[in-house]
Amino acid sequence: MSASEQVQLNNFSSIFSLEGKVAVVTGGSRGLGLYAASGLLQAGCSKVYITSRKASACESAVAALNALPNKRPGAQAISIPADSSKVSEIERLVSEVSKTTSHIDILFANAGATWGEEFEKFPESAFDKVLDLNVKSVFFTIQKFFPLLSAKASLEDPSRVIITGSVAGITLGSLGKNGSFSYSASKAAVLHMTRNLAVELGPKHVNVTAIAPGIYPSKMANGLIEIQGGMKEVEAASPNKRLGRPEDIAGLVVFLASRAAGHLNGSVITTDGGAHLKGRM
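Criteria and cut-off values
Residues numbered from 1 in each chain as written. Predicted model: local features only at pLDDT ≥ 70, side-chain atom pairs only at ≥ 80, totals over all residues. Heavy atoms only, no water. UniProt positions renumbered as here; feature names shortened; annotations may be inferred. Phe/Tyr/Trp six-rings, centres within 6.5 Å; stacked < 30°, edge-to-face > 60°. Helix = DSSP H or I, 4+ residues; strand = E, 2+ residues; numbered from the N terminus. Buried < 20%, exposed > 50% of the residue type's maximum accessible area, 1.4 Å probe, protein only. Pairing = 2+ DSSP bridges. Axes fitted to C-alpha atoms, helices over the stretch in contact; angles between N-to-C directions. Core = buried A, V, L, I, M, F, W, Y, C linked by side-chain atoms within 4.5 Å. Contact = heavy atoms within 4.5 Å.

UniProt, in its Sequence similarities (unreviewed entry) section for the chain, records the words "Belongs to the short-chain dehydrogenases/reductases (SDR) family."

Moving on to the packing of aromatic side chains. In total, this model carries four aromatic pairs according to the counting rule given. Their ring planes at 75° and their centres at 6.1 Å tell us that phenylalanine 119 and phenylalanine 181 sit as a pair that is edge-to-face. Taken as a pair, phenylalanine 119 in the loop between strand S4 (106-109) and helix H5 (124-150) and phenylalanine 181 in helix H6 (residues 181-201) lie far apart in primary sequence, 62 residues in all. Judged by relative accessible area, phenylalanine 181 falls into the partly exposed class, the value being 27%. Put simply, the rings of Phe119, Phe122, Phe127 and Phe181 pair up and form one aromatic cluster.

A sheet is described by the order of its strands in space; here seven strands give the open sequence S3-S2-S1-S4-S5-S6-S7, paired in parallel fashion. Every other strand in the sheet has two partners, leaving strand S3 (76-79) and strand S7 (268-271) as the edge strands with one partner each. With strand direction ignored, the average angle separating the axes of adjacent strands in the sheet is 20°. Two elements, strand S2 (residues 47-51) and S3, share four bridges in a ladder whose sense is parallel. What sits directly across from isoleucine 50, in S3, is serine 79.

Residues Leu40 and Val48 are the most contacted members of the largest nonpolar core, which totals 30 residues. Put simply, the parts of the chain that give this core at least two residues each are strand S1 (22-26), helix H2 (31-42), S2, helix H3 (55-66), S4 and helix H9 (246-257). If one sorts the elements of this core by residue count, H9 sits on top with six residues. Those residues in contact with valine 48 that sit more than four places away from it in its chain are Ala23, Val25, Ala37, Leu40, Leu41, Gln76, Ala77 and Ile78.

Encoded structure:
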């Protein structure tokens, strides 16, 4: 193949475009999920379904998303509140989504929870809650959405499942008085589940990847930031001297959902400025 042939890339100007795609974001009413939903809508998605447990939070998120000035004509965010910790609620969510679309192209499985307590006092109920939401519900969300994910998927245009893991599932999470034992275990589990599902669903034209964020300022992470000495201390400890920003998550999710990531399957991408390389989140 000549050099002139090699530089002819296929539709490269649109390689990051999500024009006309349909997405579902669980845990989408705030934090990482809302950042991603904003990115998906601004990258060209025609529909972005937002779900989380609180109806009022979903409605506020959707109102803000629909007010974005640069989404494609007719594009919309849609609120469908659901408690992802219950399989019956996941089934209801799929049923509601099915009323207004015949397929989905992107599923961002982002709903999750954490719990901090010292080892001797860590309660069974908290362990169950975190494992159920962070692992079991992710599996059943993907399972129940699979018919919609596979409805239009093809070799050249596979659907995408993107799972929110954590660097706490790769290296050590919080220990001591705010030990995140169940959270770290759940994120290690869901990252390995990503690899299993990638091999299971890849031949059916559904690619499965995961992101492993470090500390992003959010309702879930703000307590951990305080424990570690505050924003400036945590930023100073990161190799790139800052924490994650909304655009970092939005850009990564858009990339993984786009044609640019069409050959990624089973991949886990860390997004923490390199902090996990120092051995702790």
